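# Structural characterization, general
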Amino acid sequence: FAAEILSVYMSNRTFTMIKPDATSKGHTGAILDQIIKAGFSIKAMKWTRLTTEQAGLFYDIHRERPFFGELVDFMSSGPIVAAILEKDNAVADFRKLIGATNPAQAEEGTIRKQFAASVGENAVHGSDSDENAVIEGDFFFSKLERY
Ligand code: GDP
Ligand code: MG
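Model, not experiment: these values are computed from the prediction.

### Quick word on the UniProt feature "active site" (unreviewed entry) in the chain
In the UniProt entry, the feature "active site" (unreviewed entry) is given for His125. Relative to the helices and strands, histidine 125 is located in strand 4 (residues 124-126). Once you skip the residues sitting within four places of it in the chain, histidine 125 turns out to touch Thr16, Met17 and Lys19.

Printed below as a string of structure tokens:
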């Protein structure tokens, strides 16, 4: 019974970042507007900037990838917006809203199609599983900073 409640709760939340390319181009407001209009409610949000070390920790799973250095340099190059979002089926619905990693392959109307310039500088992050949504939210927010 407890596990059932936990799984229902978890599938309702995801974690996002508006990445430095999008904040620096002034797309933060437009992206947040689309997220809210798509039915997500914001449970926590902050404007911050990652060090290269922090970006490396967040993307630790990609450490052995050839693009890791580029990714870490990019993600620490300017401010980001980190947020925890809530909606039914949050992880899958948010991945649909942002579109494919490579904006060239992203569907029309998706956030990456509209705002991303390349596979690396792709405007937004979205968690890929309920488990990672919790881990990533915990990376940025204390219990006091979310509800
Ligand atoms: P996501 O889950 O759609 O964000 O994609 P991945 O988990 O595969 O990759 C994480 C992030 O690494 C992407 O969002 C990009 O910012 C970056 N990335 C992925 N592939 C490449 C690549 O081929 N080159 C560069 N420079 N960055 C990449
Ligand atoms: Mg990913």
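### Regarding the pairing of strand 1 (residues 13-18)
Where burial is concerned, most of strand 1 is hidden: six out of the six residues are buried. Residues Arg13, Phe15 and Met17 line one face of strand 1 and the alternating positions Thr14, Thr16 and Ile18 line the opposite face, and both faces are buried. Where strand 1 and strand 3 (residues 80-86) come together, six bridges link them in antiparallel fashion. Looking at strand 3, one finds that phenylalanine 15 is bridged to isoleucine 84. Bridge count for strand 1 against strand 4 is three bridges, and the pairing is antiparallel. In the sheet register, threonine 16 faces strand 4, and the bridge partner there is glycine 126.

### Details of the UniProt feature "domain: Nucleoside diphosphate kinase-like" (unreviewed entry) in the chain
In this numbering, the UniProt entry assigns the feature "domain: Nucleoside diphosphate kinase-like" (unreviewed entry) to residues 11-145. Within residues 11-145, the helical portion is 41% and the strand portion 18%, while the C-alpha atoms at the span's ends are 20 Å from each other.

Reading the values: rules and limits
Residues numbered from 1 in each chain as written. Chains lettered and ligands numbered in written order. Predicted model: local features only at pLDDT ≥ 70, side-chain atom pairs only at ≥ 80, totals over all residues. UniProt positions renumbered as here; feature names shortened; annotations may be inferred. Helix = DSSP H or I, 4+ residues; strand = E, 2+ residues; numbered from the N terminus. Contact = placed C-beta atoms within 7 Å. Buried ≥ 20, exposed ≤ 12 C-beta atoms within 10 Å, placed from the backbone. Pairing = 2+ DSSP bridges.

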